[in-house]
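# Tertiary structure, described
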Amino acid sequence: MEIKVTLTTNPKTKPSDESKLGFGAIFTDHMFIMNYDEDLGGWHDPRIVPYAPIALDPSAMCFHYGQEVFEGLKAYRTQDDRILMFRPEENLKRLNASNERLCIPKIDEQLCLEGLKKLVSIEKDWVPHLDGTSLYLRPFIIATDPHLGVHPAKNLLYVVICSPVGAYYAEGLNPVKIYVETNYVRAVRGGMGFAKTGGNYAASLKAQDEANSLNYSQVLWLDGVHRKYIEEVGAMNIFFVTDDEIITPKLEGSILPGITRKSSIELLRSMGYNVSERRLSIDEVCDLYDKGKLKEVFGTGTAAVVSPVGELKYDDKIMVINNSLIGDISQKLYDTLTGIQWGKISDNFNWTTEVK
Ligand SMILES: *Cc1c(COP(=O)(O)O)cnc(C)c1O
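These lines cover the structure that appears in this document, whether it is placed above or below. (Residues numbered from 1 in each chain as written. Predicted model: local features only at pLDDT ≥ 70, side-chain atom pairs only at ≥ 80, totals over all residues. Heavy atoms only, no water.)

## Here we look at the side chain of serine 307
The line we're drawing: Helix and strand labels come from DSSP, where a helix needs a run of H or I of at least four residues and a strand needs a run of E of at least two; each type is numbered from the N terminus. By definition, residues are in contact when any of their heavy atoms lie within 4.5 Å.
Turning to its location among the elements, serine 307 is positioned in strand β16 (residues 305–314). What serine 307 contacts, discounting residues up to four positions off in sequence, is Tyr169, Val176, Met236, Val297, Phe298 and Gly299.

This is how it looks when you write it as structure tokens:
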């Protein structure tokens, strides 16, 4: 299928101060869009068009039953002005895994990769220059059937929008305070926890809001059945470092399989660390802490890449990790991952895709 391009005749003014970009507030001149219609043979009409509102019938299914999936990845500008995407094929593979769970017809990953490259190439000048900034890409799929019956959609839209985003850490890697959630749960095995879908975020807002009001920036979810095993943080996977082991929860269906998580495991193992993907209970974490064996805790995700955790609050127990300072392993992992993403160090794993 050929990707048709219609360029805008009315380009926007690009942000002049890249230190004030923030996250997800500004959008570029173009978007990628493709329709699915069961009676027109599936996905069709892939095209890049000027960024604009989408008109939908008020009865469109995505408004009512949450049949929606999304992805998040970034394009980075290197010092020698090349544009790199980080493991985009992994995002498209995961999008299809989410599709499968939500009865959304699979996309052609090869075509969508071409679409991402073409879109970023057209929006090249929108990839910011300042250290730590990037162009955030948000592919998503929504069900558009104008029908209130509950059934898998027969009409959908796949869209990719782009947003220049600021440096996540303006003043160096700042450890975050995390609230271990004991009241609400995010997902259970058999649910949609492994899928990147809006419903999981809707389910998390209340807990996030309550944690924020207590001055904690994110919640750490425990499993929904035993309320005991560590799952993940808001939009990050989580790692615990002891003297002889780096532990991250095993993927058992209720956790989002992060691409930063996967890359971190591969990198840390290549550096010679003993990384375990296994069940880890909050009691074991408390026990490691009490024995002075909990050296570092960090989250991983596309937005922050690596986010050191400085404090964990579990009921009345407050655990201050590494004196609320960033640990050596967190720093090394951050430097290596961002080094590869911004093309500062060689990409031995072949993780980056250059956009010409
Ligand atoms: C996207 C996401 C992550 C992180 O995944 P990355 O691919 O590393 O960005 C972790 N948890 C949740 C719930 C997410 O939605």
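## A closer look at the site of the ligand
What counts here: If even one non-hydrogen atom of a residue comes within 4 Å of a molecule or strand, that residue is called near it. Think of a polar contact as two N or O atoms within 3.5 Å of one another; within protein, one of them needs to be a possible hydrogen donor and the other a possible acceptor, and neighboring residues in sequence only count if both atoms come from side chains. Computed with a 1.4 Å probe, the accessible areas rest on the Shrake-Rupley method; for each residue, only the protein chains presented here act as cover. Lining residues are those with an atom within 4 Å of a point, where the points come from a 1 Å grid over the protein atoms alone and group into cavities, where a 1.4 Å probe fits but cannot get out, or pockets, open sets with protein on both sides within 12 Å along at least five of seven lines. For this analysis, a molecule is said to be in a pocket or cavity if more than half of its atoms are within 2 Å of the grid points defining it.
Close to the ligand lie 15 residues; Lys196, Tyr201, Glu232, Thr260 and Thr302 are nearest. Between the ligand and tyrosine 201 there is a distance of 2.6 Å, counted from an oxygen atom to a side-chain nitrogen or oxygen. Threonine 260 is positioned such that a nitrogen or oxygen atom in its side chain is 2.6 Å from an oxygen atom of the ligand. The protein chains hide 97% of the 380 Å² of surface that the ligand would expose on its own. Structurally, the ligand is housed in the largest pocket.

## Topic: helix α3 (residues 109–122)
Applied cut-off: Expected helix span is computed as 1.5 Å times (number of residues minus one). Each residue is assigned to one of three classes by its accessible area relative to the maximum for its type, calculated with a 1.4 Å probe on protein chains only: buried under 20%, partly exposed between the two thresholds, exposed over 50%.
For α3, which comprises 14 residues, the first-to-last C-alpha distance of 20 Å matches the rise-based estimate of 20 Å (1.5 Å per residue) to within 8%. Every buried residue of α3 is listed here: Leu111, Cys112, Leu113, Gly115, Leu116, Leu119 and Val120. Of the residues that open α3, the one with a side-chain oxygen 3.0 Å from the backbone nitrogen of glutamine 110 is aspartate 108.

## Details of the packing of aromatic side chains
The way to describe two aromatic rings as a pair is by their centre distance and the angle between their planes. Cut-off, in case you're wondering: Any Phe, Tyr or Trp ring, taking Trp's six-membered ring, that has another such ring centre within 6.5 Å forms a pair; planes under 30 degrees apart are called stacked, those over 60 apart edge-to-face, and the others tilted. A ring is considered to have a charge above it if a Lys NZ or an Arg CZ atom is located within 6 Å of its centre and within 35 degrees of its normal.
Scanning all chains against the criterion turns up ten aromatic pairs. Connected via pairs of aromatic rings, a cluster forms that spans Phe86, Phe349 and Trp351. It is lysine 177 that lies over the ring of tyrosine 216; its NZ or CZ is 4.9 Å from the centre.

## Structural notes on the pairing of strand β10 (residues 218–222)
The criterion, for reference: Here, the term right-handed applies to a crossover whose path from the first strand over the helix to the second runs clockwise when the strands point away from the viewer. At least two bridges found by DSSP between two strands are what make those strands a pair.
In terms of residue burial, β10 counts as a mostly covered element, since five of its five residues are buried. Burial of the side chains of β10 extends over both faces: Gln218, Leu220 and Leu222 are buried on one face and Val219 and Trp221 on the other. At this point the chain moves from strand β9 (residues 176–180), through helix α4 (residues 198–213), to the parallel β10, and the crossover so formed is right-handed. The pairing of β10 with strand β11 (residues 230–233) spans two bridges and is classified as antiparallel. The residue of β11 that forms the bridge with leucine 222 is isoleucine 230.

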